[in-house]
Amino acid sequence: MVSRLILVLGDQLNRDVAALRAAQPDDLIVMAEVADEASYVPHHPKKIAFLFAAMRKFAAGLREDGWRVAYTPLDDAGNAGSIVGELLRHAEASGATEVIATEPGEWRLIDALNDCPLKVTQLPDNRFLASHAEFDRWAACRKELRMEWFYRDMRRKTGLLMDEGEPVGGKWNFDHDNRKPAPDEVAFGGPMQFTPDEVVEEVLDLVERRFGNNFGDLRPFWFATDQGQARRALTHFVKGALPKFGDYQDAMLAGDSFLYHGVLSLYLNAGLLTPMEICRAAEEAYEQGHAPINAVEGFIRQIIGWREYMRGIYFREGPDYASRNALGHGRSLPGFYWGAETRMACISHTVAQTKSEAYAHHIQRLMVTGNFALLAGISPQEVQHWYMSVYADAYEWVMSANVIGMSQFADGGIVGSKPYVSSGNYIDRMSDYCGDCAYSVKTKVGEGACPFNLLYWAFMERHRDRFESNPRMAQMYATWDRMDEDKRAQILSEAETFLGRMSQGALV
Ligand code: FAD
Ligand code: DLZ
Ligand code: SF4
């Protein structure tokens, strides 16, 4: 006799997740690899393999502990192809009429569960520090939703890096000490890599057969696929990389995809790690004198600040958030985002790394691929579709505010008070990409000029009405206006020519 179905989605792989906490011995836990989830965007094959392998291991662990689990592999003959379809199938077979779920991280799936003919209860996702109500309360009394203020509340709430109500080190934010340019050498060998075991190998074969044509290299596959491995990856990061995380957080190197980054977001977003265990490990490293305050504070801010804030914005703004386009951008995403040749070394390195690792760090996403898309006026929905498709940590609850908000300014300024745009100078300062490029970053206009330099001014001019009165951009408009008129006309004309050639598929 089954009383209820307990739904565990592929990114809810934690024993403490709300639906599992509510489970009783008579309940049947339902987990399913389904075509709908595996293809709502053409996910990177490494992401699908990671989730399927982690789901299989998680289900096996639940069974070992005595739970009744109905697990449907993708190739199962009876597979209904969707989450709701699987619930209906198991309800019919077991006689259950009620489902307990943890709220999914996407409106699409929340709506599908709401429309399900069974009685479905969606419990709040308890893996986050701020509930929707808490975020809304914080946001309700503010004119501007600045992350920094939200972050301070999260510090107070968690007690992380707090000393009797005051921030440890006397300041809330140590970013001033961070953001050094790329180092000559990186003294960290990258994230911990795991050799695929039998379960993983079986999944890799399945993914190769079914999703082999998706953008991205499936092998070599080295991600952690269970909680124990993910915890080892965390310890490895804290020991080897955290001390330098702050210093080189924004740096980029052609020969090193990871620098001092954690590559933990895919584990965190799937439930294999929790925000508090990661932050406590970082805090402990500070307390033991192993990592400096600028590194630890900067790292913790990303998790209890940015990550929670982005989720808060997505759910507060509602289902239409991902379709916003405040700047009216509509150009198609060029083929070089999917691996076609480009002469821009920064883009070609970032895309190649994305293809092989399903990973790029924040500044590569924001200031290379994101910056270019914004400058070039690409449709934000095409941009979001691309990010959702290529990264192993991609889910709409975290992707939307990062892409639509932070990166493309398509929400009109909710996440950022000004657009994240820069000329080639920023990329040159923070990376070694430009030395290896067919364009010249020092050339502002004319033969060989870096496209970021041309497009930057064209963007500013295109959106003058919107941004001219923004005090944070006034200086750039003053610089532009001081330029010789012929030079300005030439920059705008060359930017137009570049975009025209790009749109026609020419090699740019
Ligand atoms: P680290 O650099 O080691 O940072 C530590 C942790 O902080 C990350 O694991 C992550 O959990 C958190 N974090 C840092 N910045 C952010 C942020 N802006 N938003 C949310 N969490 C953050 N992150 C995702 O998890 N999923 C996404 O789909 C995603 N899409 C992004 C798209 C764009 C355009 C941009 C600019 C950023 C996006 N991010 C996304 C945020 C960030 O780039 C990744 O979290 C980070 O690169 C993951 O690598 P890491 O684990 O090595 O992070
Ligand atoms: C991302 C993903 C993929 C690729 N496959 C599955 C799946 O087969 N079964 C499943 O339960 N979940 C999967 N997921 C995760 C969901 O898409 C995710 O729960 C929603 O996007 C909400 O975050
Ligand atoms: Fe990118 Fe311009 Fe530098 Fe080339 S010169 S790598 S296009 S920023």
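Thresholds applied
- Residues numbered from 1 in each chain as written.
- Chains lettered and ligands numbered in written order.
- Predicted model: local features only at pLDDT ≥ 70, side-chain atom pairs only at ≥ 80, totals over all residues.
- Heavy atoms only, no water.
- Helix = DSSP H or I, 4+ residues; strand = E, 2+ residues; numbered from the N terminus.
- Contact = heavy atoms within 4.5 Å.
- Polar contact = N/O pair within 3.5 Å; in protein donor to acceptor, adjacent residues only side chain to side chain.
- Near = heavy atom within 4 Å.
- Nonpolar A, V, L, I, M, F, W, Y, C, P; charged D, E, K, R; others polar.
- Pairing = 2+ DSSP bridges.
- Axes fitted to C-alpha atoms, helices over the stretch in contact; angles between N-to-C directions.
- Areas by Shrake-Rupley, 256 points an atom, 1.4 Å probe, with all protein chains shown as cover.
- Phe/Tyr/Trp six-rings, centres within 6.5 Å; stacked < 30°, edge-to-face > 60°.
- Buried < 20%, exposed > 50% of the residue type's maximum accessible area, 1.4 Å probe, protein only.
- Lys NZ or Arg CZ within 6 Å of the ring centre and 35° of its normal.

Outline the environment of Gln12, listing residues and values.
Among the structural elements, Gln12 can be located in the loop between β1 (4-7) and α1 (18-21). Distance in space between the C-alpha atoms of Gln12 and Leu272 is 8.3 Å, their sequence separation being 260 residues. Those residues in contact with Gln12 that lie beyond four places of it in its chain are Leu7, Val17, Thr102, Glu103, Pro104, Arg127 and Ala270. Looking at Gln12, its side chain comes within polar contact range of the main-chain oxygen of Thr102, at 3.1 Å.

How would you summarise the site of ligand 3 if you had to cite specific residues and measurements?
Around ligand 3, the neighbouring residues are Met344, Cys346, Gly424, Ile427, Tyr433, Cys434, Cys437, Tyr439, Val441, Cys450 and Phe452. Taken together, the residues that form the shell around ligand 3 break down as 10 nonpolar, 1 polar and no charged.

Give a detailed account of the sheet that holds strand β5 (residues 119-123), specifying residues and quantitative values.
Taken in spatial order, the 5 strands of this open sheet run β3-β2-β1-β4-β5, and their pairing is parallel. Each edge of the open sheet carries a strand with a single partner, namely β3 (68-72) and β5. Geometrically, the sheet is characterised by an average inter-axis angle of 25 degrees between neighbouring strands, direction not taken into account. Here β1 runs beside strand β2 (residues 28-32); their pairing, made up of 3 bridges, is parallel.

Give a description of the site of ligand 1 that names residues and reports values.
Around ligand 1 sit 29 residues, and of these His261, Val263, Asn269, Tyr359 and Asn402 come closest. In the model, an oxygen atom of ligand 1 is placed 2.9 Å from a nitrogen or oxygen of the Gly262 main chain. Interatomic distance of 2.7 Å between a backbone N/O atom of Val263 and an oxygen atom of ligand 1. Surface burial for ligand 1 is 99%, taken as the share of its 810 Å² of free accessible area covered by protein chains. When residues of the shell around ligand 1 are traced back to their parent elements, those giving at least two are α11 (265-270), α13 (293-317), α15 (362-376) and α17 (396-407).

Requested: an account of the packing of aromatic side chains, with residues and values cited.
Counted according to the given criterion, the structure contains 34 aromatic pairs. When the centroid spacing of 6.2 Å and the interplanar angle of 65 degrees are considered together, the rings of Phe135 and Tyr309 count as edge-to-face. With a gap of 174 residues between them, Phe135 in helix α6 (residues 132-140) and Tyr309 in helix α13 connect regions that are remote in the sequence. For Phe135, a relative accessible area of 1% corresponds to the buried category. Residue classification places Tyr309 among the buried positions, given a relative accessible area of 0%. Here the aromatic residues Phe336, Tyr337, Phe372, Trp386, Tyr387, Tyr391, Phe452 and Phe498 are joined through ring pairs into a cluster of three or more. Lying across the ring of Tyr151, Arg301 places its NZ or CZ 5.8 Å from the centre. The ring of Tyr391 carries the charged tip of Arg365 above its face, separated from the ring centre by 4.1 Å.

Describe in detail unusual backbone geometry, supporting the description with residues and values.
Cis geometry marks the peptide bond from Arg219 to Pro220; its omega dihedral reads -5 degrees. Counting through the fold element by element, Pro220 comes out in the loop between α8 (198-211) and α9 (227-240). Not every positive phi belongs to a glycine, and Phe409 is a case in point at roughly 55 degrees. Relative to the helices and strands, Phe409 is located in the loop between α17 and α18 (424-430).

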